[in-house]
Structures are given as C-alpha cells and as structure tokens.
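Understanding the architecture of this molecule
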Amino acid sequence: MATDLIQMKGIAKSYGPVTALDGVDFAVRENEIVGLLGDNGAGKSTLIKILSGTVTATRGDIFVRGQKAQIRNTTDAIALGIETIHQDSALVTQLSIARNLFLGREPTIGPGFLNRMDKRKMNEVAGRLLKEIGIKKDIPATTPISYLSGGERQAVSIARALHFDSDLIILDEPTNNLGVEETQGVLRFMRRARDTGHSLIFIAHNIHHVFQVVDRIVVLRRGKVVAEDVDPKQTTIEAVEELITGMAITQAA
Ligand SMILES: Nc1ncnc2c1ncn2[C@@H]1O[C@H](COP(=O)(O)OP(=O)(O)OP(=O)(O)O)[C@@H](O)[C@H]1O
Ligand SMILES: [Mg+2]
C-alpha cells in the first residue's frame, strides 16, 4: 500500500483542564479530499492547527510521506507543503489581490539588499491565477481584497495554495457565510485542486457541502476519532449525523 501523505499518531492536546484531543490517529492519503467532521468543540480546529503549526501538541507524532516531521510553526508547515486556509482567512484586506497572493513570499528584483518586490511579476501571475480559478468578473489583480465577496476571498486563498504547489491544503469552514453560487465555486476549486494532484482536508458543519466533494469522512467526538473511513457514497447524511452526535436513532422493535 502506498505511504500516506500525512500521518498523525497518538495526538493529544490539553488546554489546562480541557482535553481538546485525546490520542487521535489521523491520516491523509495522496490525492484525496478528507472531510473532518464533528460537533462544536470536538477538536477539529485544534487538530488542523497542530498540522499547520499554530498549536503544539501535548503528545503524539506527525509523519509526512513516512518521514517523522517537526512542525513547530507555520514556516515549518509551509516548508513541508502544508497550507492552511482559515475561515477568517489571513488575507490583508487593505492590500491588493496580487500582494495577498504572494504575502511573505514576494518575488524580488535587483541585487542583494537593494532588491525590491517585483510588482509587475506579481500582478501578471495573479491575473493568470484569477482566470484559472474562474473568478467570473474581470477583476484586476491590483484590486484591494476588501472589495471582494467572501467567496472571492476564499478563491484567492485557494489560488495561493495552488500557486505555491502545496501538497496539502487545509480548509477550516471555507463555506461559512457563503451564498449558494460562491459555495459551489469553492467546492469546484477543491475538486480541481484534488484533480491536479493535491490532497485536502475540509472542515464544515454543513454536511451537504461535505457530501458533495469529499472522498472520505473522519468523525471526531469529544477529542477522539469515532469513525475514520466513512465513504460518502456508501452512507447517508443521517448516519453521519448520528456518528457526530453519538446518538443512534432507536430502531422500532
Ligand atoms: N486556545 C484555547 N484555550 C483553551 N481551550 C481551547 C482553546 N482552543 C480550543 N479549546 C478547547 O478545545 C476544545 C476543542 O476546540 P476546537 O476549536 O478544536 O473545536 P472544533 O471542533 O474546531 O469546534 P467548532 O466546530 O466549534 O469550530 C474545545 O473544548 C475548546 O473550548
Ligand atoms: Mg473549529
């Protein structure tokens, strides 16, 4: 069997007396979209924050392509090909689409310490990316992020992950507060990312969105994995809801 892209083993995380994660094993295979589901406070965001380097696990190991990895901060995660898109995304609203696409990784021109940002290149690449991800309106790459809708902002974040060729793209509630059409846009970008060789983790409370796009569902309940290999094609939304809440519908005798 092929090596998983990501393996998290025995991950535990406590915040003082609160156990957010309690011995979680979680894997992401190459080229798949994993839906990570669970009720409020189940530990979903904590788990992906450990992968993206913003939270340190109390216990447990992470392997990337079978190699043990140290993820101490976001720089480590990005170097390992892990890009995270948070719902309140890290875009800087005053800056242009192009600047946001390259934030912290700006191409430069000129020698050594005299170098400066290559704005022309950034605008050029950004314009191409916007077309690729299918933003319908003809928005120039110099437009500030504050002019964009929620869905368009998500699109810019996803475009950034695609451009830097991240192996794993993590999306924590990317479809919250989005309209129907914008949601479909985000789901489409996710499929396109998978079909061009990326793996994705998708966290959402709307199970309908999850069912439309994921290859596999993992369910967390109170910091523990209660299901790790749910095939959305072989189950129902109701059955997954039962896994999430832990409440089985009583069968009539
Ligand atoms: N920084 C923190 N300090 C203290 N407790 C925290 C912190 N972050 C998370 N927790 C706690 O850890 C548990 C898991 O939280 P987490 O944010 O991972 O849940 P979640 O599954 O993402 O929930 P939601 O669906 O509401 O986003 C919760 O009980 C939460 O209150
Ligand atoms: Mg969360």
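Residues numbered from 1 in each chain as written. Chains lettered and ligands numbered in written order. Predicted model: local features only at pLDDT ≥ 70, side-chain atom pairs only at ≥ 80, totals over all residues. Heavy atoms only, no water.

1. So, unusual backbone geometry
Heads up, the rule is: To qualify as a helix, a DSSP run of H or I must reach at least 4 residues; to qualify as a strand, a run of E must reach at least 2; elements of each kind are numbered from the N terminus.
The residue N31 is not glycine, and still its phi comes out positive at about 65°. Secondary-structure assignment places N31 in the loop between β2 (18-28) and β3 (33-37).

2. Observations regarding the nonpolar core
Heads up, the rule is: Nonpolar core, defined: a set of buried Ala, Val, Leu, Ile, Met, Phe, Trp, Tyr and Cys residues in which side-chain atoms within 4.5 Å join the residues together. Partly exposed describes any residue whose relative accessible area lies between the buried limit of under 20% and the exposed limit of over 50%, with all areas from a 1.4 Å probe on protein chains only and scaled to the type maximum.
Membership of the largest hydrophobic core comes to 29 residues, with the highest contact counts inside it found for M190, F202, I217 and V240. Tallying contributions element by element places helix α6 (residues 180-195) first for this core, with 5 residues.

3. Things to note about the environment of R116
Residue position: R116 is located in strand β8 (residues 116-117). The class for R116 is exposed, based on a relative accessible area of 55%. Each C-alpha atom of the pair R116 and L51 lies 32 Å from the other, and the pair is 65 residues apart in sequence.

4. Quick look at the packing of helix α5 (residues 150-163) against α6
Cut-off, in case you're wondering: All axes here are fitted lines through C-alpha atoms, helices being fitted over the stretch that makes contact, and every angle between N-to-C directions spans 0 to 180 degrees. Our angle categories are set so that under 35 degrees counts as roughly parallel, over 145 as roughly antiparallel, 65 to 115 as roughly perpendicular, and the remainder as oblique. Residue contacts are defined here by distance: any two heavy atoms, one from each residue, within 4.5 Å place the two residues in contact. By the convention adopted, Pro, Cys, Tyr, Trp, Phe, Met, Ile, Leu, Val and Ala count as nonpolar, Lys, Arg, Asp and Glu as charged, and the other residues, Gly among them, as polar.
The interhelical angle for the contact between α5 and α6, taken along N-to-C directions, is 10°, at an axis separation of 9 Å. One way to sum up the angle between α5 and α6 is to call them roughly parallel. Between α5, through G150, G151, E152, Q154, A155, I158 and L162, and α6, the contact on the second element is made entirely by E182, V186, F189 and A193. Of the residues assigned to the contact of α5 with α6, the class counts are 6 nonpolar, 3 polar and 2 charged.

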